[in-house]
Amino acid sequence: MEGALTARDRVGIQDFVLLDETTETAFLSNLKKRFCKDLIYTYIGTLLVSVNPYKQLDIYNKKQMAIYMGVNFFELPPHIYALADNAYHTMLTEFNNHFILISGESGAGKTEASKKILQYYAVSCPSTTLLNTVRDKMLMSNPVLEAFGNAKTLKNDNSSRFGKYMDIQFDSQGDAVGGHILNYLLEKSRVVHQNHGERNFHIFYQLVEGGEDNLLQQMGLERGYQHYSYLTQGQCATVSSINDKNDWKSVKNALQVIDIDEITSNHLFGIIAIVLHLGNIHFDSDNKGHALLNNNAELHWVSNLLGVDAYTLQEGLTFKKIDAHKDQVLSPFTLDHAVYVRDALAKAMYGQTFTWLVNKINDSMENKDSSRKTVIGLLDIYGFEVFYVNSFEQFCINYCNEKLQQLFIQLTLQAEQEEYEAENIEWEPVQFFNNKIICDLVEERHTGIISILDEECLRPGDATDLTFLERLQEKMGSHPHFVTHKLADKMTRKTLERGDFRLLHYAGEVTYCVVGFLDKNNDLLYRNIKDLMCQSKNAIVKECFSTMDPDNRRRPETVATQFKSSLLKLTEILMAKEAWYIRCLKSNESKQPGQFDEALIRHQVKYLGLMEHLRVRRTGFAYRRKYEDFLKRYKPLCPATWPHWRGDPADGVELLAQHLGYLPFEYKMGRTKIFIRHPRTLYATEDAYEKCKHELATKLQAKYKGYRTKGEFKKQKEAATKIETCWRGAQARKEREKREWAVKVIRKFIKGYMTRGQAKVTDNSEYLAFVKQSYLNRLKDNLPKTVLDKTTWLSPPAVLTEASEILRKLHYRLMVRKYVKGITPQKKAQLQLKVLTSSIFKGKKDSYPQSVAQPFMDTRISENDINARVIQMIRHEHIKYSVPIIKYDRNGFKPRPRQLILTQTAAYVIEKAKIKQRVLYTALKGISVSNLTDGMIIFHVTCEDSKQKGDVVIQCDHLFELLTKLMVIANKQNAIQVVQGSIKFEIPAGRERAVDFSTGQEPMVYKGNNGHLMVVATRARAR
């Protein structure tokens, strides 16, 4: 544990006793820090605090068990295995009895903790066939008791609804040889009533969901919980975390292990079926309000399963038998009274069966050997309960927790005081809250709550829950820990109903509703019903009710008195044993992993008394260790004790403390232990040890590394010398062989070169092969990349001239084939157009070379950009091509932006929505362009039609594309003329105009002084 102090800032302190501050805030902060790292266990001295993580942690396997076996309690991180192992070894060493008290509220993990301890003892104790049988029975008693005694509550899906104390018996060798279980206050009321969100005991659901078809048929049951009144009141029979079918198999297997045969098992399940049928019995009432039960199928199933007369059973459920001298009078029940009797029978039958089952388990685990044995007891008791409505069961449970808290404080103080006295250290009195005043308030004879409750149950007349409350107010109205609506001040009265009383427990205030207190405390079953049960053919029922002594006329003890007596006996049992404690905490109410509800945990820390226990342990000295252990760990810190201390351990520790500078008030020397007052003193010591440990480790490492390195160096040096010798010899031999081979090759090469012009012979064959291979390798890396490349083919040597020519032709043919295969239909069409363009303009017009690389487009204006009216007008003609142009007026040569549209039959000059001119292809007698780089085009049109306006002068950026498309569409391949200098064109009335072309620095188009259209084009770039 001391070693973990170096990581205290990251993962918290493993023992709360070593906290710097003993405040609740520091306590919760340390708990949260550890919880967030999945460290759910923390010590307060020898007390173990466990926080339920609501997820599976890999810390409960056999490997973990082996780590904790036989190890000092504080040597390893906190764990439930450490506490179980130390309790076991202390029992063996001192040969005395011990018990482990597991407490906490419902859902905190008490039952799981109990299982882990049993599993640990099952693995860690010596093993024989007999011992394995005992262990199996101990382990298998859990699923049986959980099935019959556990249920889903609002706080826990597997809540123990009874208290359990199990003694595990060990012989002198430490072998587990037997066991015994005591049970306390089974919550029988759950059989007939469940709150919303809760279930009945698990076994009911396991039977109807997992039971075999023939078994259910034999007992008159239907599959499915929804058919039974006792199973549907909580409206949550289906729970995701519970698999009733699988649990049914586990229970049946466990019953076999604990020696319950099949016949007895069927009787046991028959009782469960009887209870379910009882819950489905419904009463009618006659005109006087008396209960009637006529021809009820459920009643017949109950009588069949019990093996009793159906009429007698019906009579027992609807009439009370009163003895009057020698006669017996039957008094009919009211409807409510009949329901009460039915439920009372169901509760009594289930409660007696549970007690029988516990006794049966005890018989199977009993050890007949009379030799002395030691025991370790496991007390898995209900935790402190505070619900929205708290009834009689919560009152008993919280009274039990008050008694255990009183015992806990007494035993803790006693253990501390005994250790101080044994070590001859002066004891300092501890201030703590003594809850004896609350225990007396509940249990004191004549004046306690239980006594008043019993008096009210026994009192003749109309005793009710409210009269019981009135008696409480009379008897203890001035008690500081008791308050009711009547006794409370104005503010407190708002939080209390008129039928409530409130107790101020050590854990806080709890408000109890008195409704049902008298009935649950009486738990009466009428005599005629008991007599009938004694006649049952169900062996378990008969055995259970026969032990109740039906001839005894005395009124049986009330439930509260029985519980009080059993609790006093339990206290006596525990006082005679050495105590170990496990305090279980819920991390959150929603059962979600990783959530730490600080308010909820603060409340649990308070009512579990953890802060008081911490203050008890911290009063005086926070840390104590045996001299041998302390010296073994910290002796490197003092030169006088390191590396070996030969004297008395106490003297060595005294010398060590003085060297570390401990002040006299900071520590005390006991008989066998050193006591250190403040945690900070231990922290400083541990930090110094951590630093010293690294220094020592560094020195040891340096020495060891030096020794190892010297040895390794010598070995490596010898090996290197041998390797070098062998390597040099091998390299020299290889070098000689290479030179001999090189001489032969060079000689043959020279001969081949000298005879290279001769026919192939032996002397020149290898040389010629080399020349061929060399040429082919160079050719491979320098092949022409395109079909047009005719100059880069490598010149061949004389012997490969013919082969080189064949290869050249093959290569060019392959490139041509690849090129042709790669041409798409679209590209082919483009090339055909380009060929046509080339045939007309190549070598004639200066701007042609620059146009070759520019692909032709299908059109330059989309239909969306053409006015809809225009499209409507030429809808009977298919638009083949359209392009933006600039048209020049025939007279003033003013430029006008227009669209030129080519259809199947004519060319249209468009201005927005108007067709400015339509030129039929049949009227197009020629097309003229210049030989320069300009984009001017003149369409020569015949003027036979009066509508024609004469020749058309336009300028187009896509001249070659337009004219090529026009040639193809209009079939006018021979109509285009490339003219130098000047082009004349006609306008209406037989007049002529001209366009003069010239070159210049900048392209220009303007009207000249001579009335001609002047076009200046830039010079073509040289290619």
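All values derive from a computational prediction rather than experimental measurement.

## Some points on the overall build of the protein
Tallying secondary structure elements over the protein gives 34 helices and 31 strands in all. Over its C-alpha atoms the protein spans a radius of gyration of 54 Å, topping by over 25% the 31 Å that the globule rule assigns to 1023 residues. Projecting the C-alpha coordinates of the protein onto the three principal axes gives extents of approximately 155 × 105 × 65 Å. The burial tally for the protein puts 49% of its 1023 residues in the buried class. When contacts within the protein are restricted to residue pairs at least 6 apart in sequence, long-range pairs at least 24 apart make up 63% of them. Here the protein displays about 52600 Å² of accessible surface, and carbon together with sulfur accounts for 51% of that area. In the protein, the 143 positive side-chain charges and the 119 negative ones have mean positions that sit 17 Å from each other.

## What to know about the packing of aromatic side chains
This structure, assessed with the given rule, holds 27 aromatic pairs. Aromatic side chains Phe392 and Phe517 sit 5.6 Å apart centroid to centroid with 85 degrees between the ring planes, which places their arrangement in the edge-to-face category. Highlighted residues: Phe392 in helix α15 (residues 392-422) and Phe517 in helix α20 (residues 517-522), separated in sequence by 125 residues. Judged by relative accessible area, which is 3%, Phe392 ranks as buried. Its relative accessible area of 0% is what places Phe517 among the buried residues. Relative to Phe517, the ring of Phe501 has its centre 5.9 Å away and its plane inclined at 75 degrees; by these criteria the two rings are edge-to-face. Of this pair, Phe501 sits in strand β14 (residues 500-505) while Phe517 sits in helix α20, and the two are 16 residues apart along the sequence. Linked through ring pairs, Phe392, Phe395, Phe468, Phe482, Phe501, Tyr512 and Phe517 together constitute an aromatic cluster. Between the NZ or CZ atom of Lys116 and the centre of the ring of Tyr60, over which it lies, the distance is 4.5 Å.

## With respect to the sheet that holds strand β21 (residues 895-903)
With respect to topology, eight strands assemble into an open sheet ordered β23-β22-β21-β20-β26-β25-β24-β27, the strand pairing being mixed. With partners counted over all chains shown, the strands left at the sheet margins are β23 (914-920) and β27 (976-979), one partner each. In this sheet, neighbouring strand axes are inclined to one another by 35 degrees on average, regardless of whether the strands run parallel or antiparallel. In this sheet, strand β22 (residues 906-911) lies alongside β21 in antiparallel orientation, the contact comprising four bridges. Bridge pairing links Leu900 to Val909 in β22.

## Details of the pattern of salt bridges
Oppositely charged side chains can pair when the atoms bearing their charge come close. Under the counting rule described, the total for this entry stands at 31 salt bridges. A salt bridge links Glu598 to Arg602; the nearest nitrogen and oxygen atoms lie 3.7 Å apart. Here Glu598 and its partner Arg602 are both found in helix α24 (residues 598-607), four residues apart, which amounts to about one turn of the helix. On the accessibility criterion, Glu598 (34% relative accessible area) is partly exposed. Taking the shortest distance from any N to any O, the salt bridge between Arg728 and Glu724 comes out at 4.0 Å. Here Glu724 and Arg728 lie together in helix α28 (residues 679-754), a separation of four residues that amounts to about one turn. Arg728 gets classed as exposed once you look at its relative accessible area, which sits at 58%. By relative accessible area, which is 42% here, Glu724 ends up partly exposed.

## Some points on the packing of helix α12 (residues 297-306) against helix α13 (residues 310-318)
Orientation of α12 relative to α13, taken along the N-to-C sense of each, is 115 degrees, at an axis distance of 9 Å. Considering their axes alone, α12 and α13 lie roughly perpendicular with respect to each other. In the crossing of α12 with α13, the sense of the turn from one axis to the other is right-handed. Contacts between α12 and α13 involve Leu299, His300, Val302 and Ser303 on the former and, on the latter, Ala310, Leu313, Gln314 and Leu317. Residues belonging to the contact of α12 with α13 are distributed by class as follows: five nonpolar, three polar and no charged.

## Remarks on the nonpolar core
Ile100, Tyr121, Phe148, Ile203, Phe204 and Leu317 are the most contacted members of the largest nonpolar core, which has 113 residues in total. Here this core gets 14 residues from one element, more than from any other, and that element is helix α14 (residues 335-365). Filtering out sequence-adjacent residues up to four positions away, Ile203 remains in contact with Ala147, Phe148, Trp248, Val251, Phe269, Ile272 and Tyr350. Core analysis: the next-biggest nonpolar cluster, separate from the first, contains 89 residues, Leu614, Leu656, Tyr662 and Ile676 among them.

## Quick notes on unusual backbone geometry
One non-glycine residue, Asp38, adopts positive backbone phi at about 60 degrees. With respect to the helices and strands, Asp38 occurs in the loop between α2 (24-36) and β1 (41-44).

## Some words on the environment of Thr859
Position of Thr859 relative to the elements: it lies in the loop between α32 (848-851) and α33 (868-873). Separated by 42 residues in sequence, Thr859 and Ile901 place their C-alpha atoms 9.5 Å apart. Not counting chain neighbours up to four residues away, the residues in contact with Thr859 comprise Tyr881 and Ser882. A distance of 3.1 Å separates the side chain of Thr859 from the backbone oxygen of Ile861, its partner in a polar contact. At a separation of 2.7 Å, a polar atom in the side chain of Thr859 contacts the side chain of Ser882.

## What to know about the sheet that holds strand β3 (residues 98-103)
If you walk across this open sheet you meet the seven strands as β1-β2-β16-β3-β12-β6-β7, and the pairing is mixed. The outermost strands of the open sheet, each flanked by one partner alone, are β1 and β7 (176-184). Strand-to-strand, the axes of this sheet are offset by a mean angle of 20 degrees, without reference to chain direction. The pairing of β1 with strand β2 (residues 47-52) spans four bridges and is classified as antiparallel.

## Focus on the packing of α2 against α24
In contact at an axis separation of 11 Å, α2 and α24 are set at 120 degrees when each is read in the N-to-C sense. Here α24 runs oblique to α2, going by the angle between their axes. Considering how the two elements wind past one another, α2 and α24 form a crossing that is right-handed. In this structure, α2 uses Glu24, Phe27, Leu28, Leu31 and Lys32 to contact α24, whose residues at the interface are Glu598, Ile601, Arg602 and Val605. Of the residues contributing to the contact of α2 with α24, the split by class is five nonpolar, no polar and four charged.

## Description of the pairing of strand β26 (residues 952-955)
When strand β20 (residues 879-888) meets β26, the two strands line up antiparallel, connected through three bridges. Opposite Tyr888, over in β26, you have Val953 as the bridge partner. In terms of strand pairing, strand β25 (residues 936-941) meets β26 through four bridges, oriented antiparallel. Counterpart to Ile937 in the pairing with β26 is Ile954.

## Remarks on a negative patch on the surface
A cluster of acidic residues, Glu75, Glu628, Asp629, Asp648 and Asp651, forms a negative patch at the surface. Residue placement: Asp648 occurs in the loop between α26 (627-634) and α27 (649-660).

## Things to note about the pairing of β1
Residues Tyr41 and Tyr43 line one face of β1 and the alternating positions Thr42 and Ile44 line the opposite face, and both faces are buried. Counting the residues between successive antiparallel strands, the hairpin from β1 to β2 contains two residues, one of them, Gly45, with a positive phi of roughly 65 degrees.

## A closer look at the environment of Lys403
Position of Lys403 among the secondary structure elements: in helix α15. On the accessibility criterion, Lys403 (10% relative accessible area) is buried. Sequence separation of Lys403 and Ile438 is 35 residues, and the distance between their C-alpha atoms is 9.2 Å. Ignoring sequence-local partners within four residues, the contact set of Lys403 consists of Cys439, Glu443, Leu567, Leu568 and Thr571.

## Points about α26
Residues three or four positions apart in an α-helix share a direction because the helix packs 3.6 residues into each turn. If you check which residues of α26 are buried, you get Tyr627, Phe630, Leu631 and Tyr634. Along α26, the residues classed as buried sweep out an arc of 95 degrees about the axis, all on the same side.

## Quick notes on a nonpolar patch on the surface
Taken together, the side chains of Ile746, Ile750, Tyr753 and Met754 make up a nonpolar region of the molecular surface, amounting to roughly 440 Å² of accessible area. Tracing the backbone through its elements, the reader meets Tyr753 in helix α28.

## Brief notes about the side chain of Ser159
By the secondary structure assignment, Ser159 is in strand β5 (residues 159-160). Within the structure, the side chain of Ser159 is placed 2.8 Å from the side chain of Arg161, a separation counted as a polar contact. Look past the residues within four positions of Ser159 in its chain and what remains in contact with it is Ser106, Gly149, Asn150, Ala151 and Thr153.

Conventions adopted
Residues numbered from 1 in each chain as written. Predicted model: local features only at pLDDT ≥ 70, side-chain atom pairs only at ≥ 80, totals over all residues. Heavy atoms only, no water. Helix = DSSP H or I, 4+ residues; strand = E, 2+ residues; numbered from the N terminus. Rg over C-alpha atoms; globule rule 2.2 N^0.38 Å. Buried < 20%, exposed > 50% of the residue type's maximum accessible area, 1.4 Å probe, protein only. Contact = heavy atoms within 4.5 Å. Areas by Shrake-Rupley, 256 points an atom, 1.4 Å probe, with all protein chains shown as cover. Lys, Arg positive; Asp, Glu negative; His and termini not counted. Charge placed at Lys NZ, Arg CZ, Asp CG, Glu CD. Phe/Tyr/Trp six-rings, centres within 6.5 Å; stacked < 30°, edge-to-face > 60°. Lys NZ or Arg CZ within 6 Å of the ring centre and 35° of its normal. Pairing = 2+ DSSP bridges. Axes fitted to C-alpha atoms, helices over the stretch in contact; angles between N-to-C directions. Salt bridge = Lys/Arg side-chain N within 4 Å of Asp/Glu carboxyl O. Parallel < 35°, antiparallel > 145°, perpendicular 65-115°, else oblique. Left-handed = near helix turned anticlockwise from the far one by under 90°. Nonpolar A, V, L, I, M, F, W, Y, C, P; charged D, E, K, R; others polar. Core = buried A, V, L, I, M, F, W, Y, C linked by side-chain atoms within 4.5 Å. Polar contact = N/O pair within 3.5 Å; in protein donor to acceptor, adjacent residues only side chain to side chain. Patch = residues over 30% accessible without salt bridge, like charges linked within 9 Å, V, L, I, M, F, W, Y side chains within 5 Å. Arc of directions from axis to C-beta.

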